[in-house]
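Letter by letter, the chains look like this.
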2 protein chains.
Amino acid sequence: MLRSARFLNGFLSGTVCSAVAFYFYNRADFKETSSDGQTKIQTKETYLSEVVTLDLETAKQLKGTDILKYGTPDRGSDARLYYNHVLCYDQAKKIPVWVAELITKSDLTGPANRQHSKFKMDPTLDEFFSSHNKDFLGSGWSRGHMAPAGNNKFSQQAMDETFYLTNIVPQDISNNAGFWNKLEIYVRDLTNRFSEVRVISGPLTLPTVKEGSKQFVNYEVIGNNSVTVPTHLFKVVTAENPQQPDSPIAVGAFIVPNQPIQGSAQLTQYQVKLEDLEKTAGVYFLPRLPPSKRVDLCSVDSCQLISQEALELYFIGRKLENAKTVERVDSVWKDLERRHLIPDDYLIDLYKKKRESLSTEP
Amino acid sequence: MLRSARFLNGFLSGTVCSAVAFYFYNRADFKETSSDGQTKIQTKETYLSEVVTLDLETAKQLKGTDILKYGTPDRGSDARLYYNHVLCYDQAKKIPVWVAELITKSDLTGPANRQHSKFKMDPTLDEFFSSHNKDFLGSGWSRGHMAPAGNNKFSQQAMDETFYLTNIVPQDISNNAGFWNKLEIYVRDLTNRFSEVRVISGPLTLPTVKEGSKQFVNYEVIGNNSVTVPTHLFKVVTAENPQQPDSPIAVGAFIVPNQPIQGSAQLTQYQVKLEDLEKTAGVYFLPRLPPSKRVDLCSVDSCQLISQEALELYFIGRKLENAKTVERVDSVWKDLERRHLIPDDYLIDLYKKKRESLSTEP
């Protein structure tokens, strides 16, 4: 596999001299296509006697290769590619490090239906380091998407892939259905004002416990695989209209506690400096976007979340979409009326159409 | 920089078709030597219209590149090369993930002296993600080496590099000077029976707190940079005589709590299955050493630590080596006599020579 490609690249970046044989020896292990399996392994002593004639950089690299005779310890790749998201997985915590998406308006409509998707182990991840559905069962924590299913209406496959457990963290259920959901809807809504919206989401385990002057990180782990329950979740949002030349890129960073959050809470309460998030996460999230090209998202856009009532109407809409019988459609609609929610035209239209199509089915 | 080389390699591993332009666009960002800065950025919509004619693998890769328009979020490299050790650093925890060494007998003697080394920030690490000496000050935790200074007597530079804070974790001081020290001495002692000894050391944060059926990870963080105090430390040792054909490779894995440990404790009490350590650390430590080639270290070697008395004599030796005046030499020797420790020939010889050389100095 290509797992140590970066190491090899570093290896090659010095003056190589007599290192060439080692390079091919290593390639033989890393790339299955190589046929050079006969190259002899040299001991460190041999290196050392050679190293004297080499520059220090090369010497270090030669010894590095011998120290790592049994491979570079492998904590997993930096980027795993899916149909519509990219993620980095934390093999120790059994949750992602970050999950990146690009959302455009066209992704948000289409035939995909979450009823057809199932939470399952990522077939591309070594099961040894995976969380399992069983770990979540009875834990009290919901399976929270980082790349949301709802950003992938355009493709059932893209939606299905968001249900891989590599994209899932143990999340407070009220947070998942409430504040975090509103944040996801806000990010989707940005596509009405920006043609390209990128978002990087992920979990954090932050120090939350103080004893005197001491600080502690404290988090639960669930199931046989000790899946980390994050203390917080983050989103880094970039929004832009690249067709407008030299228009700045709006950037917002948010850290949200993984717990129930009041319906009245504002998104700006959870905004943080991108740099502070990067420092605590240990990740540069936008390494190729210089600070000079960024503007504050919440100063060029509202950062206004939808109201509790609008969220409830959103859920009514989802229930209507997923209803499989006329009785279910009617029951959902009665629930709306009982709660004195005022449906908009879209919802009224959806109700009528759904009722009609289910009535005419055999 | 080459930070996203692995991603690019993955990118290239599919059928590339019309992806070539993107590849060079990306190269321009990753490799400063490229002169292709004029390639236009295409939007995801353009990709999608092209993707229809491409295989799924390529489609995914094209979208991945666009999702990561502002770079692959960077959590740091897998392997950082030094003169005599290789390590992977955890930018979130501000301590290493693993530190690998190759120890041979010749590394263990030589002119290097730890009195000339200073704990300092690793000049090759971004300061933004580094721990600082100040973080440890007054924290109650010592600065524990993962690659020990004592494995690098052959070279002052190699020894100095083990004092970079990338190689350091907050360690219980009694553990550092006691049990962990004995383990380090045991590993060094293996070079008397095996010509090549490799060791991978590192910190862990394991679940240690139980509340009913729930499990929690709880650890302190110190200083302004919230440096993680690990709950445990590990070593993976391989020992071999490669000049003997087909001789198996002895492998031992150990997890030691980061706390004071009784003088009578045996190393075998802390031996674990390599696989269990790998699962909890999230790292395959020996990806190129198949299990069929491994034998249990503690079944082919003693795994016997030196006694408390021998450890104390070892410290007397170090104090003698570092003594700068005859008075200091005499005071160290009186301490040995007062504690009724019985010096071996090496120590008696060291005492005499040190006393003589300091007496004759001007």
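Residues numbered from 1 in each chain as written. Chains lettered and ligands numbered in written order. Predicted model: local features only at pLDDT ≥ 70, side-chain atom pairs only at ≥ 80, totals over all residues. Heavy atoms only, no water.

Under the annotation held in an unreviewed UniProt entry, chain A carries the name Nuclease EXOG, mitochondrial and is attributed to Holothuria leucospilota. In its Subunit (unreviewed entry) section, the UniProt record describing chain A reads: "Homodimer." According to the UniProt record, the Function (unreviewed entry) comment for chain A reads "Endo/exonuclease with nicking activity towards supercoiled DNA, a preference for single-stranded DNA and 5'-3' exonuclease activity." (UniProt positions renumbered as here; feature names shortened; annotations may be inferred.)

## Some details on the interface of chain A and chain B
The accessible area lost on association of the parts is a frequent measure of interface size. In this complex, chain A contributes 90 residues to the contact, which on the side of chain B involves 90 residues. The contact between chain A and chain B buries some 8,400 Å² in all, and 57% of this surface belongs to carbon and sulfur atoms. In this structure, the connection of chain A to chain B is made through eight salt bridges. The partner of A:D66 in a salt bridge is B:R198, and the shortest N-O contact between them spans 3.2 Å. Counting across the chain A and chain B interface gives 28 residue pairs in polar contact (both at pLDDT 80 or more). For the side of chain A that touches chain B, the leading source of residues is strand β8 (residues 214-222) of chain A, giving eight residues. (Contact = heavy atoms within 4.5 Å. Buried area = accessible area lost by both parts, 1.4 Å probe. Salt bridge = Lys/Arg side-chain N within 4 Å of Asp/Glu carboxyl O. Polar contact = N/O pair within 3.5 Å; in protein donor to acceptor, adjacent residues only side chain to side chain. Helix = DSSP H or I, 4+ residues; strand = E, 2+ residues; numbered from the N terminus.)

## Observations regarding the pairing of strand β7 (residues 207-211) of chain A
All names here are of chain A. Sheet analysis places β7 next to β8, joined by four bridges and oriented antiparallel. The residue of β8 that forms the bridge with V209 is F216. Counting the residues in the hairpin turn of β7 and β8 gives two residues, including G212, whose phi is positive at 65 degrees. (Pairing = 2+ DSSP bridges.)

## Describing helix α13 (residues 345-360) of chain B
Residues and elements named next belong to chain B. The terminal C-alpha atoms of α13, which comprises 16 residues, lie 23 Å apart, in line with the 22 Å expected from a rise of 1.5 Å per residue. Among all positions of α13, only L347, L350, Y351, K354 and L358 are buried. For α13, the angular spread of the buried residues around the axis is 100 degrees, confining them to a single face. For α13, exposure combined with an orientation more than 90 degrees from the buried face picks out D345, K352, K353, E356 and T360. Contacts made by the buried residues of α13 are with α11 (308-322) and α12 (326-338). (Expected span 1.5 Å × (residues − 1). Buried < 20%, exposed > 50% of the residue type's maximum accessible area, 1.4 Å probe, protein only. Arc of directions from axis to C-beta.)

## A few points about the pattern of salt bridges
Two side chains that carry opposite charge are able to pair once their charged atoms sit near each other. The tally for this structure, following the rule as stated, stands at 28 salt bridges over all chains. The partner of A:K153 in a salt bridge is A:E321, with the nearest N and O atoms 3.8 Å apart. Separated by 168 residues along the polypeptide, A:K153 in the loop between β4 (142-145) and α6 (156-162) and A:E321 in helix α11 (residues 308-322) bring together distant segments of the chain. Two residues, A:R198 and A:E196, come together in a salt bridge whose shortest N-O distance is 2.9 Å. Residue class for A:E196 comes out buried when judged on its relative accessible area of 5%. A cluster of three or more residues bridged by salt bridges with shared partners is formed by A:D66, A:K69, B:E196, B:R198 and B:E240.

## Description of unusual backbone geometry
All names here are of chain B. Even without glycine at this site, K94 takes up a positive phi of about 65 degrees. Taking the relative accessible area as the measure of exposure, K94 reaches 2% and is therefore buried. You will see that D246, though not glycine, has its phi angle at about 60 degrees, which is positive. Along the polypeptide, D246 turns up in the loop between β10 (232-240) and β11 (249-257). Overall, D246 belongs to the exposed group, its relative accessible area being 82%.

## Topic: the relation of the copies chain A and chain B
With an RMSD of 0.1 Å, the operation that places chain A on chain B is a rotation of 180 degrees combined with a shift of 0.0 Å along the axis. What the rotation and shift describe, once combined, is the action of a two-fold rotation axis. Ranked by how close their C-alpha atoms come to the rotation axis, the residues of chain A are headed by A:N218, at 2.2 Å. Residue by residue, 100% of the interface of chain A is reproduced at the interface of chain B, so both copies engage with the same surface. (Least-squares fit on C-alpha atoms with pLDDT ≥ 70 in both.)

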